Amino acid sequence: HAEPLKYKSKKKADKNDQEKQYVGFATLPNQVHRKSVKKGFDFTLMVAGESGLGKSTLVNSLFLTDLYKDRKLLNAEERINQTVEIIKHTVDIEEKGVKLKLTIVDTPGFGDAVNNAECWKPITDYIDQQFEQYFRDESGLNRKNIQDNRVHCCLYFIPPFGHGLRPVDVEFMKALHEKVNVVPLISKADCLTPSEVKKLKDRVREEIDKFGIKIYQFPDCDSDEDEEFKQQDKELKESTPFAVIGSNTVVEAKGQRVRGRLYPWGIVEVENQSHCDFVKLRNMLIRTHMHDLKDVTCDVHYENYRAQCIQQMTSKLTQDSRIESPIPILPLPTPDAETEKLIKMKDQEVGFLKD
């Protein structure tokens, strides 16, 4: 009688296993997605390069907005006296129910002077100020709604004329590469033939390696990604620095209306991948790597800044022993004779109270 009974209990166990095998935490991504969408996303993009390289046009082309409608262009005399300033434009964009608070940090006056020594200083100061503000907010009492104004990416515009990087380009990128994700672009690429674009890209890549500039590195693809995504990622890595063209006007080409630039000899289409890398840049910046840019800013650049701050604070505390910190940040120094005497007295008091 024992055998059939054993068989019956096994059958029952199988049924229970089938019922138990789906707990339901596979729906967690949906919960995270819903919460994130409700909260909205923010992204801060900095554009740097001398005036006339098409920075504003490119930003407007990327996000299909007109961020610079109230801008006043300076004449030559005003530009001579202009120093590098930081201008912030914030716009709320909504697409298919997803809200993005986009902040563009513009740097007019950069590289426009005759003597450009340390013209990147206001820019590095601005990035540090945002880190400092975030660090203060994070260390404060109310940490619930911290405004994140840290710069997540800096698009650096390299002029298409010339042979590779100029000293000001090298110095700028070296001053910023430890603080922000630098993405170099060759601006106004329609000035160059395809072979000239390739030559300039190779030259810029060589110089970036030669001068030890750390530009934004695309993360390696996961093995479970599909082949199409892997191919896209490979093309992105091979395309840097991106050769871009921006345009806010719609022209008619082959019976279709496209965003492009109309020349006497033909039309340059901004979104045509055989004409320029605009689509690759947009995909990288918005569709595939926006989250990674934010992660690298938070986990690498900001963490380095934070570690540096804490190190400075602790070294200051060791130097100035008179400062009494409410939180012992450092391991406590060995107690002197007076302290030991006090400890003994306290112990005796505790012992007396216990008795």
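Residues numbered from 1 in each chain as written. Predicted model: local features only at pLDDT ≥ 70, side-chain atom pairs only at ≥ 80, totals over all residues. Heavy atoms only, no water.

Going by an unreviewed UniProt entry, the protein carries the name Septin 5b and comes from Erpetoichthys calabaricus. The record held by UniProt for the protein lists under Sequence similarities (unreviewed entry) the comment "Belongs to the TRAFAC class TrmE-Era-EngA-EngB-Septin-like GTPase superfamily. Septin GTPase family." Turning to the protein, the UniProt record has this under Subcellular location (unreviewed entry): "Cytoplasm". (UniProt positions renumbered as here; feature names shortened; annotations may be inferred.)

Caption draft 1: Molecular detail of the nonpolar core. L155, F172, L281 and M284 are the most contacted members of the largest nonpolar core, which has 72 residues in total. With residues near it in sequence (within four places) discarded, L155 still touches L45, M46, V47, A48, L58, L62, V183, L185, L281 and L285. (Core = buried A, V, L, I, M, F, W, Y, C linked by side-chain atoms within 4.5 Å. Buried < 20%, exposed > 50% of the residue type's maximum accessible area, 1.4 Å probe, protein only. Contact = heavy atoms within 4.5 Å.)

Caption draft 2: Main features of the packing of helix α8 (residues 227-239) against helix α9 (residues 278-288). Running from N to C, α8 and α9 cross one another at 120°; their axes reach a closest spacing of 10 Å. Compared by their axis directions, α8 and α9 come out oblique. Between α8 and α9 lies a crossing of left-handed hand. Across the interface between the two elements, F229, E235, L236 and S239 of α8 pack against K280, M284 and T288 of α9. Among the residues making up the contact of α8 with α9, the classes are represented as three nonpolar, two polar and two charged. (Axes fitted to C-alpha atoms, helices over the stretch in contact; angles between N-to-C directions. Helix = DSSP H or I, 4+ residues; strand = E, 2+ residues; numbered from the N terminus. Parallel < 35°, antiparallel > 145°, perpendicular 65-115°, else oblique. Left-handed = near helix turned anticlockwise from the far one by under 90°. Nonpolar A, V, L, I, M, F, W, Y, C, P; charged D, E, K, R; others polar.)

Caption draft 3: The sheet that holds strand β1 (residues 41-48), seen in detail. Taken together, six strands build an open sheet; the order of strands is β2-β3-β1-β4-β5-β6 and the sheet is mixed. The open sheet terminates on both sides in strands that have one partner only, identified here as β2 (87-95) and β6 (242-243). Judged from the two bridges that link them, strand β5 (residues 182-186) and β6 form a sheet pairing that is parallel. Each residue of the ladder has a partner; that of L185, found in β6, is F242. (Pairing = 2+ DSSP bridges.)

Caption draft 4: Up close: the packing of aromatic side chains. For the coordinates displayed, the defined rule picks out six aromatic pairs. Where Y134 meets Y302, the ring centres are 5.2 Å apart and the plane angle is 90°; that geometry is what we call edge-to-face. Remark: Y302 occurs in helix α10 (residues 290-319) and Y134 occurs in helix α5 (residues 121-139); sequence separation between them is 168 residues. Here Y134 and Y302 have matching classes, each one buried. For the ring pair Y263 and W265, a centre distance of 5.0 Å and an interplane angle of 5° mean the geometry is stacked. Classification of W265 as exposed rests on a relative accessible area of 71%. Feature note: the residues F131, Y134, Y302 and Y305 constitute an aromatic cluster, connected by ring pairs. Taking NZ or CZ as reference, R150 lies 3.7 Å from the ring centre of Y134, over its face. Directly above the ring of Y302 sits R150, whose terminal nitrogen or CZ lies 4.8 Å from the centroid. (Phe/Tyr/Trp six-rings, centres within 6.5 Å; stacked < 30°, edge-to-face > 60°. Lys NZ or Arg CZ within 6 Å of the ring centre and 35° of its normal.)

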